[in-house]
Amino acid sequence: MYHIALKMLIGDRGKYAMLIGGLTFAALLMTQQSAVFFGLLMWTTSHLRNMPAKIWVVDPKVEQVNELKAMRETDVSRVRSVTGVGWAVPMYCSIQVSKLTDGNFKPVLLIGLDGTTLVGRPPTLLAGRLEDIRLPNSVIIDDLAVKRLSTGRQRPLGLGDTFEINDKEARVVGICKADRHFFGYPYVYTTFDQAIQFAPKVRKMLSLVVAEPANGWTPAQSARQIEKETGLKAFDEDELFWSTIWWYFRNTGIPASFGTTILLGFIVGVAIAGQTFYTFVLENQRNLGALKAMGAGNGLLARMLVLQAWTVGVIGYGMGVGLTVLFGLAVLEKGQPPFMLPYQLPLATFVVIMIICTFAALLGILKIYKLEPAIVFRG
Amino acid sequence: MAEGNSNSLAVHVRAVSKTYGRGDTQIRALDGVDFDARLGELLMIVGPSGSGKTTLLSVIAGTLEFDAGEIEVFGASLHRLRPREVTAFRKRHVGFIFQQFNLIPTLNLIENVSVPLLLNGESRRVAERKAQTLLDSLGLQGRGREAPTNLSGGQQQRVAIARALVHEPQLVICDEPTSALDKDTGAHIMELLRTVARKPDRCVVVVTHDSRIFHYADRMTEMEDGRVQRVHELPAHYEQAGDH
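Along each chain, numbering runs from 1 in the same order as the chain's sequence is written. Here chains are named by letter from A upward and ligands by number from 1 upward, in the order in which they appear as written. Given that this is a predicted model, residues contribute local features only at a pLDDT of at least 70 and side-chain atom pairs are listed and counted only at 80 or more, while totals for whole chains, interfaces and linings are drawn from all residues.

### What to know about helix H1 (residues 2-11) of chain A
Phase 1: Along H1 of chain A, the residues that are buried comprise Ile-4, Met-8 and Leu-9 of chain A. Looking straight down H1 of chain A, one finds its buried side chains confined to an arc of 135°; they lie on one side.
Phase 2: This entry defines residue contacts through backbone-placed C-beta atoms, with two residues in contact when those atoms are within 7 Å. Comment: elements are numbered from the N terminus, with helices defined as DSSP H or I runs of at least four residues and strands as E runs of at least two. Summarising the contacts, the buried residues of H1 of chain A are in contact with helix H2 (13-44) and helix H11 (298-334) of chain A together with helix H3 (109-119) of chain B. Exposure classes come from backbone-placed C-beta atoms, where a residue is buried if 20 or more other C-beta atoms lie within 10 Å of its own, exposed if 12 or fewer do, and partly exposed in between. Arc, as used here, means the arc of the directions from the helix axis to the C-beta atoms.

In structure tokens, the structure reads:
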């Protein structure tokens, strides 16, 4: 009887198309908006991936990785002296202004790495040599910087080319790949000593201290010990990641805004699927009554309705997520808007779509259970 | 009103009552009805609108619960069966022909006819083969893959008859089977039903207003106000019907 159920569903082309369309739209809206939301959240934590370190030591008031408060340079030594710390090095990180050939200005994220260890170096170098960063006025720029800072040039910024940071000449010795930052600024890496030359002079120039735990210590244990002995704030990577994410949840309208759209997707799905499926059942009442009269039990009819609802659910889900993937492929090529599609997201969308369809089927099932087979004898 | 010995009875109804609604809006559709239908006969239930004939048909078919009384259909006591058992009984032993045919428009003819077999656990392949054979025998050769909407009323009713008979039920229930058809088509349909009823282990019960087909009945039960008023044997009634 299940093929009969499917033919009854597909045969009503108008409602079939409306159900598929509604569920596709709901799946697309929920998955695509969630993927953009997750992508945006990942952008907020790009420092963690572009300057990898096991322990991040910052000013006690710092809550997230994009709002670093300058520390005293002596704090590096204080961290090094903590039990449970293997080594610790200074790092500079701030937004500076670069000047383009055509006279325009672009903000860049200037990262100053420890000149000896180069801890926090970019994970993937596309061109040049990392060691050359130690040469005077040398920088490694990310691929976004190549696009952004090449405006007005005859060819894209490349190895050996120069540009200005705060009116000081910087020579490109390497090009790297970096995750996009929340503010959309390109990453420019140099050594700590050169970074504080590029940056305007202020009283405190140390942005943070990155450290490694001593043997036998976990990053979290080491971070707690640093906090205890120095009064500074210390995070392992995971702690700083979540601290940053929650900061954006608490302090921005981003989750509420995306949450509203995702909720709308859910409501649209429930409304369209529920209403259309219920109408489908109502319009098929006489046919279902005839099946009931001929001996189809409530259980069989309920299973047929669930099969119909889940079938449109799976198709709508597949089309919605498929469109999301196409959207993702298009935007990943361009680099924005943000997009991240972890496997949990399509899985969650599938569960939600199936819940919507089960709800729609339940509305029909309730009607079927109350339906008297004798309805077929009424005019 | 009981007639014939119980061995020859297909349907045996005693003191059956059925009431719709409550209080002031209460309607007593069946009021202690006694009714029998014999094996191998085509029995018609006639009467004015609201006389209770469709309700009687519904309770005999097991599609409607009744308030009091006893109903035996081919030896099964419907009043003693649980709803699930009544459904199973209907599935196996009852075939339905409806006034508006009630063919599922999104299924083709073969699929429509195969439904009772599928409900009885037959495989799809076997069910569709049997359905095709029966459709062929009813003059619908080569049209099995068509949609019911492509057919005339008479052809649709033949499909409905095929669906009612495909699983070889003992009791065939017909609700106004000719009211939506012209005279000739209606006559053809009634010939078919009379042929079905002639089999000794079968019984066809027809509810109708259509006086053009009264003469096809072996017996006729007249209802009024929820009660059986008279039962006519064919020869006597046939002449009266001819006078209409």
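### Here's the deal with the sheet that holds strand E6 (residues 94-97) of chain B
In a beta sheet, neighbouring strands pair by backbone hydrogen bonds and run either parallel or antiparallel.
Residues and elements named next belong to chain B.
Phase 1: Here six strands make up an open sheet; going across it, the order is E6-E7-E8-E3-E9-E10 and the pairing mixed. Looking at which strands have only one partner, the edges of the open sheet turn out to be E6 and strand E10 (227-233). On average, each strand axis in the sheet is inclined to that of its neighbour by 20°, with strand direction left out of account.
Phase 2: Two strands pair under a simple rule: DSSP has to find at least two bridges between them. As paired strands, strand E3 (residues 41-46) and strand E9 (residues 219-224) are joined by four bridges and run parallel to one another. Residue Ile-45 lies in a different strand from E9, and its bridge partner there is Thr-221. What counts as an axis is a line fitted to C-alpha atoms, over the stretch in contact for a helix, and the angles between N-to-C directions run from 0 to 180 degrees.

### Digging into the interface of chain B and chain A
Accessible area lost on assembly of the parts is the figure often given for the size of an interface.
Phase 1: Contact with chain B, which involves 23 residues of that partner, is made by 21 residues of chain A.
Phase 2: Counting residues per element, the ones that place at least two in the side of chain B that touches chain A are helix H1 (53-61), helix H2 (83-93) and H3 of chain B.
Phase 3: Each residue receives one of three labels: charged for Asp, Glu, Lys and Arg, nonpolar for Ala, Val, Leu, Ile, Met, Phe, Trp, Tyr, Cys and Pro, and polar for the others, Gly being one of them. Residue classes in the side of chain B that touches chain A are distributed as 11 nonpolar, six polar and six charged.

### Let's talk about the nonpolar core
Phase 1: Core analysis: the largest hydrophobic core is formed by 117 residues, its most contacted members being Val-11, Ile-60, Ile-173, Val-204 and Val-205 of chain B.
Phase 2: If near-sequence neighbours (up to four positions away) are discounted, Val-11 of chain B is found in contact with Asp-36, Ala-37, Ile-60, Val-73, Leu-171, Cys-203 and Val-205 of chain B.
Phase 3: Here, a nonpolar core means buried Ala, Val, Leu, Ile, Met, Phe, Trp, Tyr and Cys residues linked by C-beta atoms lying within 7 Å of one another. Counting residues in each nonpolar core, the second largest holds 59 residues, with Val-58, Val-85, Ala-145 and Val-209 of chain A among its members.

### Considering the pairing of strand E8 (residues 187-191) of chain A
Residue and element names in this part refer to chain A.
Phase 1: A large share of E8 lies buried, amounting to five of its five residues.
Phase 2: Both strand E3 (residues 105-113) and E8 contribute to a ladder of five bridges, which runs parallel. Among the inter-strand pairings, Leu-109 is bridged to a residue of E8, identified as Tyr-187.

### Re the pairing of E10 of chain B
Residues and elements named next belong to chain B.
Phase 1: Pairing geometry for E9 and E10, over six bridges, is antiparallel. The residue of E10 that forms the bridge with Thr-221 is Val-231.
Phase 2: Between E9 and E10, which pair antiparallel and follow one another directly, the connecting turn spans two residues, one of which, Asp-225, has a positive phi of 50°.

### Concerning the sheet that holds strand E5 (residues 76-77) of chain B
All names here are of chain B.
Phase 1: An order of E2-E1-E4-E5 is seen for the four strands of this open sheet, with the pairing classed as antiparallel. Of all strands in the sheet, those bounded by a partner on one side alone are strand E2 (27-38) and E5.
Phase 2: Alignment of strand E1 (residues 9-20) against strand E4 (residues 68-73), held across five bridges, turns out to be antiparallel. Within E4, the position partnered with Arg-14 by the bridge is Glu-70.

### Describing unusual backbone geometry
All names here are of chain A.
Phase 1: The phi torsion at Asn-137 lies on the positive side, around 55°, for a residue other than glycine.
Phase 2: Topologically, Asn-137 is positioned in the loop between strand E4 (124-128) and strand E5 (138-142).
Phase 3: Taking the C-beta count within 10 Å as the criterion, Asn-137 has 15 such neighbours and is therefore assigned partly exposed.
Phase 4: Backbone geometry places Asp-167, a non-glycine residue, at a positive phi of 65°.
Phase 5: Along the chain, the position of Asp-167 falls in the loop between strand E6 (162-165) and strand E7 (168-177).

### Comments concerning the confidence of the model for chain A
Phase 1: Scored from 0 to 100, pLDDT records how confident the predictor is in each individual residue. Per-residue pLDDT for chain A averages 87, and the proportion of residues at 70 or more is 99%.
Phase 2: No element of chain A has a lower mean pLDDT than helix H9 (residues 254-283) of chain A, at 81, and none a higher one than E8 of chain A, at 94.

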